[in-house]
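Structure assessment
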Amino acid sequence: MGPSTREFLSVLSQSGLLPQESVALADQLASQTSSGRDLAIELVRRKLLTRWQAEQLLFGRTTFQLGQYVLRRKVGSGATGAVYEARQAGSQKRYAVKVLAPQLSGDREYVARFRREVSLLQTLDHPAVVRCVAAHRIQETEFLVMEFLPGRDLSSWIEARGTISVAAAMRLAERAAQGLAHIHDHGLIHRDIKPSNLIVWTDRPSKSLQLKIVDFGLARHAAGDTAHLTADNRILGSLDFM
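The following paragraphs examine the structure supplied in this document. (Residues numbered from 1 in each chain as written. Predicted model: local features only at pLDDT ≥ 70, side-chain atom pairs only at ≥ 80, totals over all residues. Heavy atoms only, no water.)

1. Focus on helix 4 (residues 51-58)
Of all eight residues making up helix 4, six are buried, and the element is well covered by its neighbours. When we look at burial in helix 4, the residues that qualify are Trp52, Gln53, Ala54, Gln56, Leu57 and Leu58. Next to the buried residues of helix 4 lie helix 1 (5-15), helix 3 (36-45), strand 2 (69-78) and strand 3 (81-88). Of the residues trailing helix 4, Gly60 is marked for its positive phi of about 95°. (Buried < 20%, exposed > 50% of the residue type's maximum accessible area, 1.4 Å probe, protein only. Helix = DSSP H or I, 4+ residues; strand = E, 2+ residues; numbered from the N terminus. Contact = heavy atoms within 4.5 Å.)

Now the structure itself:
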């Protein structure tokens, strides 16, 4: 059994996701629904909550804000953390927030690698490379704020379309090469280039294909000044693309 409407309202109020007038509306709707789940579905239908937020509230989660950023949905996750779509409080602008996994926040090697990703991204500025907006540590949570990209990774993008034209393939290859050239011009090596780290979408005004390189978690300076973060006899990267 899920939470009752009153239990759900209590969690919703603690979360701070909705302004007071919307919480009052939720309270009115509670009398018209038979369970917390039904109330959550109605709030999603009215676009007061995202589906992910509603699901998390039903599980009892009350924390959705990191600093000034409100988490709206999970975009992806892995062994070292998760990426969320977020909005700045009081704004409709979207951002991608990459959060280091809680179990790794005390691991000095992973924290150092995460902070290195931040410092490397902040040196780059190119239309084919994801842009870093800010980086923060709040209590024990390390997170990186990046521009939000409206596309999907190259693997799933091609899978959804089947084959693509030669012209499209050349356009994407050109964009990736331009981004890598910029990275290399700044003395950096990405070390994990693969389809899942290339985000693709179609720009609506121009209808042209766009691509950006993401995930600099394994990147390093070509000069090797961060080599101490990679232990001897350890292979880092994605085996199929090495």
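2. What to know about the nonpolar core
Within the largest apolar cluster, 34 residues are counted, with the highest numbers of intra-cluster contacts made by Leu121 and Phe216. Only strand 4 (94-100), helix 5 (108-121), strand 6 (141-147), helix 6 (154-161), helix 7 (166-185), strand 9 (198-202) and strand 10 (209-213) provide two or more residues apiece to this core. No other element matches helix 5, which puts five residues into this core. In contact with Phe216, not counting residues within four places along its chain, are Glu117, Leu121, Leu124, Val129, Val130, Ile183 and His190. Core analysis: the next-biggest nonpolar cluster, separate from the first, contains 32 residues, Leu17, Tyr69, Ala82 and Phe143 among them. (Core = buried A, V, L, I, M, F, W, Y, C linked by side-chain atoms within 4.5 Å.)

3. A look at the environment of Val214
Among the structural elements, Val214 can be located in the loop between strand 10 and strand 11 (220-221). A C-alpha to C-alpha distance of 9.6 Å links Val214 and Asp192, two positions 22 residues apart in sequence.

4. A word on unusual backbone geometry
The phi torsion at Lys207 lies on the positive side, around 60°, for a residue other than glycine. Looking at the secondary structure, you find Lys207 in the loop between strand 9 and strand 10. By relative accessible area, which is 69% here, Lys207 ends up exposed. In this structure, Asp215 takes a positive phi of about 60° despite not being glycine. With respect to the helices and strands, Asp215 occurs in the loop between strand 10 and strand 11.

5. Regarding the packing of aromatic side chains
Within the structure shown, the criterion is met by three aromatic pairs. Judged by centre distance (5.5 Å) and plane angle (55°), the rings of Trp52 and Tyr84 are tilted. Note that Trp52 is positioned in helix 4 and Tyr84 in strand 3, a separation of 32 residues in sequence. Per residue, the accessibility class of Trp52 equals that of Tyr84, and both read buried. (Phe/Tyr/Trp six-rings, centres within 6.5 Å; stacked < 30°, edge-to-face > 60°.)

6. Describing the sheet that holds strand 3
The six strands are arranged 1-2-3-4-6-5 in an open sheet whose pairing can be described as antiparallel. Of all the strands in the sheet, just strand 1 (65-66) and strand 5 (132-138) have a single pairing partner and so form its edges. Bridging between strand 1 and strand 2 involves two bridges; their strand directions are antiparallel. When the sheet's bridge partners are listed, Leu66 is paired in strand 2 with Tyr69. Sheet strands in contact with helix 4 are strand 2 and strand 3, and its direction is about 90° off that of strand 2. Of the strands in this sheet, strand 4, strand 5 and strand 6 are in contact with helix 5, which crosses strand 6 at around 25°. (Pairing = 2+ DSSP bridges. Axes fitted to C-alpha atoms, helices over the stretch in contact; angles between N-to-C directions.)

7. Section: the pairing of strand 10
Here strand 10 lies mainly inside the structure; five of its five residues are buried. Pairing analysis gives five bridges linking strand 9 to strand 10, with the strands arranged antiparallel. Bridging across to strand 10, Ile199 finds its partner in Lys212. Hairpin connection of strand 9 to strand 10: six residues between the antiparallel strands, including Lys207 at a positive phi of 60°.

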